[in-house]
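Observations on chain architecture
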Amino acid sequence: MDGFSIALSEITLVLFTTLAPAGAVGYALMSLPVVLGRATEGEHRRLDQFSCLPLGIAMVGLIASATHLGNPSNALYVFTGVGRSPLSTEVFCAVIFLALAGVYWLYSFAETPRRRLQRVLAVAIDLSVAAFLVSMALAYQVDTILTWNLPLVPVALVLNALMGGPVIALLGFAAAGYREKRLAGSRALQVLSVVAFAANVVVYVVMGLQLGALENQLVTAMQLVPPYWLCVAAFTMLAAAGLVLAWRNVRHGLAVKPAAVASALVLAGIFVMRFTFYMSHLTVGLGV
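Procedures and definitions
Residues numbered from 1 in each chain as written. Predicted model: local features only at pLDDT ≥ 70, side-chain atom pairs only at ≥ 80, totals over all residues. Heavy atoms only, no water. Helix = DSSP H or I, 4+ residues; strand = E, 2+ residues; numbered from the N terminus. Rg over C-alpha atoms; globule rule 2.2 N^0.38 Å. Buried < 20%, exposed > 50% of the residue type's maximum accessible area, 1.4 Å probe, protein only. Contact = heavy atoms within 4.5 Å. Areas by Shrake-Rupley, 256 points an atom, 1.4 Å probe, with all protein chains shown as cover. 1 Å grid on protein atoms, 1.4 Å probe; cavity = no way out; pocket = protein on both sides within 12 Å on 5 of 7 lines; lining within 4 Å. Points joined across faces, edges and corners; volume = space filled by probe spheres on them. Salt bridge = Lys/Arg side-chain N within 4 Å of Asp/Glu carboxyl O. Core = buried A, V, L, I, M, F, W, Y, C linked by side-chain atoms within 4.5 Å.

Below, the discussion takes up the overall build of the chain. Within the chain one finds 13 helices and 0 strands. When the helices and strands of the chain are placed in sequence order, the string is α-α-α-α-α-α-α-α-α-α-α-α-α. In summary, the chain has a C-alpha radius of gyration of 19 Å against a globular reference of 19 Å for 288 residues, a match within 12%. Seen through its principal axes, the chain has C-alpha atoms that stretch 65 × 45 × 25 Å. The 288 residues of the chain split such that 49% are buried. Taking the contacts inside the chain whose residues are at least 6 apart along the sequence as the reference set, 81% of them involve residues at least 24 apart. Taken as a whole, the chain presents about 13,200 Å² of accessible surface, with 71% of it coming from carbon and sulfur.

Written as structure tokens, this is what we have:
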């Protein structure tokens, strides 16, 4: 089986690792004005209600990963391995995040929600996002898969989330009509995305150099991903285009359509490199 076929068979996991981390981080960042008490009553309610955007993106990723189980009843067996299996722990943390976020979102429609309770829930959700991101980053450290057991693999996944999350948060802010007078928060999100993007490019270049030295008795890692450097170039162009568009959008008032296009471009760039990650599936011994 060639690398493309391997990645195509794992397309649901490609979607999961593309959408879920970025959506979760976007949700956490969008909750900051509420946690810090910087939103007015009207802004608070709109932010609560439009937090469904990053939450929906994360849920699409989780639903995609659930199809990988084959039979929905297999989900029960996933939870029996929490604490023992990295993949089970990852799914458990994702479910906790989605459950807390779902409860918060529904409660936000109450006629007179208690703001202090909402802030406590928001902090709990942000902590669950951090746990989910760490558990996902460590879930792919498998000794028998040479290309997944590299130190930079979890770093790349975290950087993807820190690059895509702020752009998704800006989309949520735009949809909610949230405008900061000095745009300090929006610019901070942009800086976070740009720094994560630059670090990610370096990480992918280093990982590409490492792939050339990894092999088993049948094939080298780079033979599984012949278009690796082309994919890095595509990632760079797509993500850079999205970040530039997001930057211009903030300067011109944070409109919804440009924010949506910027998010789509950044997520597309992440998708390309997540696809190459699964293409590079190289096991120890006689197999790929």
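To continue, consider empty space enclosed by the protein. Inspection of every chain in the model, using the stated rule, returns 4 cavities of 30 Å³ or more. Counted as a void, the largest cavity has a volume near 110 Å³. As for the largest cavity, its lining consists of 13 residues, of which Met 207, Tyr 228, Thr 276, Phe 277 and Ser 280 are closest to the centre. For the lining of the largest cavity, the elements supplying multiple residues, two or more each, are helix H9 (152-176), helix H10 (184-211) and helix H13 (256-279).

Moving on: the pattern of salt bridges. Taken as a whole and judged by the stated rule, the model has 2 salt bridges. Across the salt bridge formed by Arg 115 and Glu 41, the nearest N and O atoms sit 2.4 Å from each other. Remark: Glu 41 occurs in helix H4 (residues 41-50) and Arg 115 occurs in helix H8 (residues 115-138); sequence separation between them is 74 residues. The closest approach of N and O atoms between Arg 115 and Asp 48, which form a salt bridge, is 3.7 Å. Highlighted residues: Arg 115 in helix H8 and Asp 48 in helix H4, separated in sequence by 67 residues. Three or more residues joined by partner-sharing salt bridges are found here, namely Glu 41, Asp 48 and Arg 115.

Across soluble globular proteins, nonpolar side chains have a tendency to be buried as a group. Within the largest apolar cluster, 87 residues are counted, with the highest numbers of intra-cluster contacts made by Phe 97 and Phe 173. Counting residues per element, this core draws most heavily on H9, which supplies 14 residues. Look past the residues within four positions of Phe 97 in its chain and what remains in contact with it is Ala 24, Tyr 27, Leu 55, Ala 58, Ile 125, Ser 128 and Val 129.

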